[in-house]
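A closer look at the structure
For reference, the chains in residue letters:
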Amino acid sequence: MVLAVVVMTAVAARAQQVPIFTNYYDSYAVINPGFYGMSEGVNAMGIYRNQWTGFKDDFTGEVVSPRTFLASADMPIKILRGGVGLSFMKDQLGFEDNIALNLGYSYHMDLGPGTLGIGVALSLDNRKVDFKKANPLDDDDPVIPTTEQSDMLVDMNFGLFYSVPETFYVAVSTTSLLEKKGKALQGKSSTSASFVGDRTFYLAAGYEYQFLNPKFMLNPSMMVLSDIASTQINVGARFWYNKMVCFGVNYRYQESVDLLVGFVIKGIQINYAYDINTMGLKLPGSHEVSLSYNFKLDLDKHPRIYRSIRYL
């Protein structure tokens with residue numbers, strides 16, 4: 001069943017290129033280039049997500065659960081009046097294997113009590129599907145390719161990220177802005193199917209509520225993403241103690257309830273999320289781990305002092 005879905009996705013050549021993470025506040029560098037450099041140091045981050053852990057294909061018994069790895073880094077550069085960022089992501093689903101690389105720049109401007117980052121990024125996305133691993137109902141179907149197919153899509157991402165330090169942030173962005181189309185897939189007969197970038201829009205926001213006791217803090221947040229054909233909504237909150245330990249919950253509309261826990265150890269923030277599936281399809285849960293660290297820089301810059309958005 002799962003492999004059939006993957007085949008249909010690959011042949012139609014449309015798939016959401018940027019997976020959503022439960023720790024989505026750790027993934028802004030890949031979905032919103034306006035985020036680049038919005039702190040006083042180098043932000044380095046990595047996420048590993050194993051969705052529907054252990055899920056197997058009914059026909060082959062092979063584990064086909066989606067697995068995604070993301071690594072990113074960004075930093076402010078005074079002479080550029082903004083920041084630069086780089087991200088790498090590897091996404092595997094069945095016999096589909098995608099690798100994406102983003103490199104971009106964000107221009108920063110003071111706006112009211114906060115800072116607005118206006119960012120653009122070059123996106124290189126290598127899409128690959130190994131059709132030899134497919135198990136079609138008809139082995140002689142001339143439309144379905146029988147070899148490994150791949151292509152490189154060159155596109156761009158755009159984003160606006162507005163932050164008021166230690167108060168709130170709001171961001172809008174789009175990935176695969178140009179929705180580039182790759183070469184036609186090679187099958188047993190001519191076909192118009194090809195790899196296509198799926199333009200996706202994002203809206204994100206977060207708020208920092210400080211209790212009278214400074215040891216306690218609440219961080220509600222939300223993320224909405226849509227490729228027009230479908231929309232996903234995430235709403236959650238994390239409760240912090242002494243800026244060292246947090247517990248939280250996230251609700252992904254009509255998909256999952258997610259439990260969150262995080263720790264800060266010697267400046268390294270470690271977040272773990274477990275997704276409890278609510279779709280009623282007997283799908284197993286999902287595991288996700290993220291690590292992030294901010295390398296402080298002694299920057300002679302504007303007198304405003306900003307801390308990492310990831311700790312909002």
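Since the model is a prediction, treat every value here as computed from it, not as a measurement. (Residues numbered from 1 in each chain as written. Predicted model: local features only at pLDDT ≥ 70, side-chain atom pairs only at ≥ 80, totals over all residues. Heavy atoms only, no water.)

This part takes up the overall build of the protein chain. When helices and strands are counted, the protein chain shows two helices and 17 strands. The proportion of buried residues among the 312 residues of the protein chain is 48%. Long-range pairs, those at least 24 residues apart, make up 56% of the contacts in the protein chain with a sequence separation of at least 6. (Helix = DSSP H or I, 4+ residues; strand = E, 2+ residues; numbered from the N terminus. Buried < 20%, exposed > 50% of the residue type's maximum accessible area, 1.4 Å probe, protein only. Contact = heavy atoms within 4.5 Å.)

This next bit is on the pattern of salt bridges. On inspection of all chains with the given rule, the structure shows seven salt bridges. A salt bridge links Arg49 to Asp275, with the shortest nitrogen-to-oxygen separation between them at 2.7 Å. With Arg49 in strand S1 (residues 41–50) and Asp275 in strand S16 (residues 268–277), this pair connects stretches of sequence that are 226 residues apart. A salt bridge links Asp258 to Arg252; the nearest nitrogen and oxygen atoms lie 3.9 Å apart. Its relative accessible area of 0% is what places Arg252 among the buried residues. Taken together, the shared-partner salt bridges in this structure form one network comprising Arg49, Arg252, Asp258, Asp275 and Glu288. (Salt bridge = Lys/Arg side-chain N within 4 Å of Asp/Glu carboxyl O.)

Trans is the prevailing form of peptide bonds, just as negative phi is the prevailing case for residues other than glycine. One non-glycine residue, Ile228, adopts positive backbone phi at about 75°. By the element assignment, Ile228 lies in the loop between strand S12 (216–226) and strand S13 (231–241). Ile228 gets classed as exposed once you look at its relative accessible area, which sits at 66%. A positive phi angle, close to 60°, is found at Gln254, a residue other than glycine.

Let us now look at the nonpolar core. Grouped together as the largest cluster of nonpolar side chains are 25 residues, with contacts concentrated most on Tyr24, Tyr25, Tyr28, Ile31, Leu70, Phe161 and Met223. Secondary-structure elements contributing two or more residues to this core are helix H2 (28–31), S1, strand S7 (168–175), strand S10 (200–207) and S12. If one sorts the elements of this core by residue count, H2 sits on top with four residues. With near-sequence residues (within four places) excluded, Tyr28 lies in contact with Phe35, Phe161, Tyr169, Ala204 and Met223. One finds Phe95, Val129, Phe131 and Leu185 within the second-largest nonpolar core, a separate group that totals six residues. (Core = buried A, V, L, I, M, F, W, Y, C linked by side-chain atoms within 4.5 Å.)

Attention now goes to the confidence of the model for the protein chain. When pLDDT is averaged along the protein chain, the result is 84, and 80% of the positions lie at 70 or above. Averaged over each element, pLDDT in the protein chain is lowest for helix H1 (residues 2–12) (40) and highest for strand S14 (residues 245–252) (97). Contacts from residues 1–16, a stretch scored under 50 in pLDDT, to residues over four places away or in other chains number 38 contacts. Low pLDDT, under 50, characterises residues 305–312; the predicted model gives this stretch 49 contacts beyond four residues in sequence or across chains. (pLDDT = per-residue confidence, 0-100.)

Applying the stated criterion across every chain, the model contains twelve aromatic pairs. Arranged with centres 5.8 Å apart and planes meeting at 25°, the rings of Phe216 and Phe239 form a pair that is stacked. Taken together, the positions of Phe216 in strand S12 and Phe239 in strand S13 put the pair 23 residues apart, joining distant regions of the chain. Within the aromatic cluster, the residues linked to one another by ring pairs are Tyr209, Phe211, Phe216, Phe239 and Tyr241. (Phe/Tyr/Trp six-rings, centres within 6.5 Å; stacked < 30°, edge-to-face > 60°.)

Below, the discussion takes up a nonpolar patch on the surface. Taken together, the side chains of Tyr48, Phe69, Leu86, Phe88, Ile99, Leu101 and Leu103 present a nonpolar region at the surface, about 600 Å² in accessible area. The set of elements that each furnish at least two residues to the nonpolar patch consists of strand S3 (82–93) and strand S4 (96–111). Counting residues per element, the nonpolar patch draws most heavily on S4, which supplies three residues. (Patch = residues over 30% accessible without salt bridge, like charges linked within 9 Å, V, L, I, M, F, W, Y side chains within 5 Å. Areas by Shrake-Rupley, 256 points an atom, 1.4 Å probe, with all protein chains shown as cover.)

As paired strands, strand S5 (residues 114–130) and strand S6 (residues 148–164) are joined by 16 bridges and run antiparallel to one another. Within the sheet, the bridge partner assigned to Ile118 lies in S6 and is Leu160. In this structure, S6 lies alongside S7, joined through seven bridges in antiparallel fashion. Across the sheet, residue Val164 finds its bridge partner in S7, namely Phe168. Linkage of S6 to S7, two consecutive antiparallel strands, is achieved through a turn of three residues, within which Glu166 is found at a positive phi near 60°. (Pairing = 2+ DSSP bridges.)

A few words now on the pairing of S14. Successive side chains on a regular strand alternate, one facing one side of the sheet and the next facing the other. In S14, alternate side chains face the same way, and those of Cys246, Gly248, Asn250 and Arg252 are buried while those of Val245, Phe247, Val249 and Tyr251 on the opposite face are not. Looking at chain direction, S13 and S14 are connected through eight bridges and run antiparallel. Across the sheet, residue Trp240 finds its bridge partner in S14, namely Cys246. Once S13 ends, the chain turns through three residues before running back antiparallel as S14, passing Asn242 with a positive phi of about 55°. Between the antiparallel neighbours S14 and strand S15 (residues 256–265) lie three residues, among them Gln254 with a positive phi of about 60°.

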